[in-house]
Amino acid sequence: MSSLKPLYPGIRLNALIVSDTHIDCKHPLPALPKYWLRSAAKDAEKSVHRMDAFITVGDTTSRGSEKNWQMVSQALVKRNPANKMIFAIGNHDCWNDDGFEAAVENFYKYSKSITGNKRETPYFSHIINGYHFVFLGTDSDSGCEAQFSDEQMAWFASEMEKAGESGKPIFVFCHQSLNGRHGLPRTWDREEDPDRDPMEGGIGERSDEVAAILKKYKNVFYFSGHSHMGLCGENKKSSEGYSSFEYEDGICLINLPSLACGNHHGEVDTMGIGVVLEVYDDRVVIRPRFTSTRRWNKSVAIKDGKPYLEMNI
Ligand SMILES: [Fe+2]
């Protein structure tokens with residue numbers, strides 16, 4: 001065990017971020033994904049510096065049914081991992097026997113009952129300790145990819161403009177990564193398929209538009225999940241050309257492993273991996289964390305040979 005405490009003194013904000021917990025009443029061992037989520041929350045709870053946020057980047061459930069969301073509630077009952085808990089919406093959260101609308105209603109209902117956040121759209125933002133957190137989310141039935149309406153794109157552009165005026169780093173969350181990043185579409189599934197559509201595993205049609213908006217601003221950090229790629233760092237980048245941490249035109253793209261489903265393509269594919277975001281006046285640090293064993297990553301070199309990402313801002 002290594003205690004969850006900030007790397008440096010003077011921290012302004014910290015958050016534990018996980019993705020793809022896939023809570024599912026039809027799981028062969030339904031208690032397992034609940035265990036991983038609960039373990040992550042317990043790890044956050046024990047943080048030496050109280051966590052400002054505990055975030056899941058979508059696919060919190062495998063299907064967005066009442067039953068699955070009730071299991072999420074059970075997993076988090078009596079847990080108090082952070083000042084603010086936030087669920088982003090993933091494609092699996094939008095799937096429900098009663099259709100997309102019913103699934104999204106469950107997302108709103110349980111976001112409210114579990115986290116206290118009132119939601120009226122699958123996209124929303126929060127300001128935490130003065131830092132902008134912007135959450136994109138599919139707003140119509142779209143299969144595995146995301147579907148963003150013109151309204152959502154206009155809202156996103158305006159939220160980013162406001163965030164940019166703060167002069168602070170901006171944190172964007174979307175279940176799906178930009179198309180073609182993090183080894184996609186190759187890393188989309190355990191089995192590789194050379195004929196896969198280049199958009200597969202990413203946001204889909206509006207990826208370039210989202211990227212163009214992100215790149216207008218400084219110090220943007222974009223978190224995704226979705227591909228269950230596992231944890232990859234510099235070694236994978238040099239051997240295979242992809243990583244969980246990628247950088248382009250001034251933005252950082254961070255792809256999270258699945259917390260509770262099998263990962264593939266990673267340097268480490270175990271479950272229970274999240275990342276801790278630490279924000280300081282002059283830098284942002286993102287540290288992979290093995291939440292169930294309560295250990296920091298030591299084996300995967302993330303940036304400049306260090307087992308975490310550190311960016312001066
Ligand atoms: Fe997933």
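Here, every reference points to the structure presented above.
Each value, and the rule that gives it
Residues numbered from 1 in each chain as written. Predicted model: local features only at pLDDT ≥ 70, side-chain atom pairs only at ≥ 80, totals over all residues. Buried ≥ 20, exposed ≤ 12 C-beta atoms within 10 Å, placed from the backbone. Helix = DSSP H or I, 4+ residues; strand = E, 2+ residues; numbered from the N terminus. Arc of directions from axis to C-beta. Contact = placed C-beta atoms within 7 Å. Pairing = 2+ DSSP bridges. Axes fitted to C-alpha atoms, helices over the stretch in contact; angles between N-to-C directions. Parallel < 35°, antiparallel > 145°, perpendicular 65-115°, else oblique. Left-handed = near helix turned anticlockwise from the far one by under 90°. Nonpolar A, V, L, I, M, F, W, Y, C, P; charged D, E, K, R; others polar.

Novice: Please explain helix α2 (residues 66-76) as it appears in this structure.
Specialist: Within an α-helix, residues lying three or four positions from one another point in the same direction, as the helix has 3.6 residues per turn. Every buried residue of α2 is accounted for by Asn-68, Trp-69, Met-71, Val-72 and Ala-75. Down the axis of α2, the buried side of the element spans an arc of 150 degrees, and every buried residue falls inside it. Each element contacted by the buried residues of α2 is listed here: α1 (31-45) and α3 (100-115). Positioned one or two residues after α2, Lys-78 has a phi angle of 65 degrees, which is positive.

Novice: Would you take a moment to explain the sheet that holds strand β4 (residues 124-128) for this structure?
Specialist: Backbone-to-backbone hydrogen bonds pair the strands of a sheet. The strands run either parallel or antiparallel. Read from one edge to the other, the open sheet built from six strands follows the order β4-β5-β6-β7-β9-β8, with strand pairing classed as mixed. Each edge of the open sheet is held by one strand with a lone partner, namely β4 and β8 (245-248). Recorded for the sheet is a direction-independent mean angle of 20 degrees between the axes of neighbouring strands. Sheet analysis places strand β5 (residues 131-135) next to strand β6 (residues 170-173), joined by four bridges and oriented parallel.

Novice: Sorry, what's going on with unusual backbone geometry here?
Specialist: Leaving glycine aside, a negative phi is the common case for residues, and trans is the common case for peptide bonds. In this model, Leu-184 is joined to Pro-185 through a cis peptide bond whose omega is 0 degrees. Checked against the element boundaries, Pro-185 lands in the loop between β6 and α5 (207-214). The backbone of Lys-78 shows a phi angle near 65 degrees, a positive value even though the residue is not glycine. Of note in this structure, His-182 is not a glycine but carries a positive phi near 50 degrees. Looking at where His-182 falls in the secondary structure, it is placed in the loop between β6 and α5. C-beta crowding within 10 Å serves as the criterion here: with 26 such atoms nearby, His-182 is assigned to the buried category.

Novice: Would you mind going over the packing of α1 against α2 with me for this structure?
Specialist: The relative placement of two packed helices is expressed as an angle between their axes plus a distance between the axes. The geometry of α1 relative to α2 is characterised by a closest axis approach of 8 Å and an angle of 40 degrees between their N-to-C directions. For the element pair α1 / α2, the angle class is oblique. Here α1 and α2 pass one another in a crossing that is right-handed. Seen from α1, the contacting residues are Lys-34, Leu-37, Arg-38 and Ala-41; seen from α2, they are Met-71, Gln-74, Ala-75 and Leu-76. In terms of residue class, the contact of α1 with α2 is built from five nonpolar, one polar and two charged.

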